[in-house]
Amino acid sequence: MEKGFLLYMIGRSGSGKSTIAEALEHEFKKNETFKVQVIDGDVIRKELGDLFGYTFEERMKNNQVVRVIVQYLINNGINVVLSQVGAYQAMRDKMREQFGKQYIEIYVKCATEECKRRDVKGYYKAKMENLNGITDPFEEPLNSDLVIDTESLNVSSAVEEIIIYLNEKKNIKV
């Protein structure tokens, strides 16, 4: 059985990660033989019973649990699209180290002011404590495989760019 891959979509809250991930899932599922599981960072945090808080250490522990789940899926030939803030370089390094060739990092880039304006989940308005990019660091990624700027690309263009990247650079046919 061929292993799956991890498409790790990182970016500030409100950047468009979840929206793009859902649209990618829709595209991927058009190919009936392509196995995919979308995991949203906020959703899985809730499904795990909010076991971890929002300090650096707790976020790293939460990320470790997510990595274990992703590893099981990948080992069983299921491709994973994980949308998570992924605010720390140390977190992204752990992902890259664990998944190696199966790891594809996509930075869903959007300026903080635009994310505040969108505020889909109400985190900025609620002045959430330890919000990455506001009261807690968001370390700009330095070595993402692909950067999707959602201030200049709409969802369908972003999906198209990701699929082209997968086809041309990773030889993954969707």
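This text follows the structure it describes.
Conventions adopted
Residues numbered from 1 in each chain as written. Predicted model: local features only at pLDDT ≥ 70, side-chain atom pairs only at ≥ 80, totals over all residues. Heavy atoms only, no water. Helix = DSSP H or I, 4+ residues; strand = E, 2+ residues; numbered from the N terminus. Buried < 20%, exposed > 50% of the residue type's maximum accessible area, 1.4 Å probe, protein only. Lys, Arg positive; Asp, Glu negative; His and termini not counted. Salt bridge = Lys/Arg side-chain N within 4 Å of Asp/Glu carboxyl O. Polar contact = N/O pair within 3.5 Å; in protein donor to acceptor, adjacent residues only side chain to side chain. Pairing = 2+ DSSP bridges.

K.L.:
Would you mind showing me how to read the side chain of lysine 17 here?
P.N.:
Mapping lysine 17 onto the fold places it in helix α1 (residues 17-28). Salt bridges are absent for the buried lysine 17, whose nearest opposite-charge side chain, aspartate 42, sits at 6.7 Å. In this structure the side chain of lysine 17 is engaged in a polar contact, spanning 3.0 Å, whose partner is the backbone oxygen of glycine 11.

K.L.:
Any chance you could explain the pairing of strand β4 (residues 103-109) here in plain terms?
P.N.:
Remark: a regular strand shows side chains that alternate across the two faces of the sheet. Most of β4 is tucked away: six of the seven residues are buried. Sheet topology note: the strand β1 (residues 6-10)/β4 ladder contains five bridges and is parallel. Note that in β4 the partner of methionine 9 across the bridge is isoleucine 106. Bridge count for β4 against strand β5 (residues 146-149) is four bridges, and the pairing is parallel. Among the inter-strand pairings, lysine 109 is bridged to a residue of β5, identified as aspartate 149.

K.L.:
How should I be thinking about unusual backbone geometry in this particular structure?
P.N.:
Phi is mostly negative for residues that are not glycine, and the peptide bonds are mostly trans. The phi torsion at aspartate 50 lies on the positive side, around 50°, for a residue other than glycine. Along the polypeptide, aspartate 50 turns up in the loop between α2 (41-47) and α3 (56-75). Of the residues examined, aspartate 50 reaches a relative accessible area of 45% and is grouped as partly exposed. For asparagine 171, which is not a glycine, the phi torsion comes out positive at approximately 55°. Turning to its location among the elements, asparagine 171 is positioned in the segment after α6 (155-169).

K.L.:
Is there a simple way to think about the pattern of salt bridges in this case?
P.N.:
When the charged atoms of two side chains with opposite charge come close together, those side chains can pair. Within this structure, the stated rule accounts for seven salt bridges. The residue glutamate 105 makes a salt bridge to arginine 96 at a minimum N-O spacing of 3.4 Å. With a closest N to O distance of 3.5 Å, glutamate 113 and lysine 116 form a salt bridge. On the criterion of helical spacing, the pair formed by glutamate 113 and lysine 116 is a turn pair, its members being three residues apart in helix α5 (residues 112-118). Taking the relative accessible area as the measure of exposure, lysine 116 reaches 35% and is therefore partly exposed. Among the ionic contacts, a cluster of salt bridges with common partners joins Glu114, Arg117 and Arg118.

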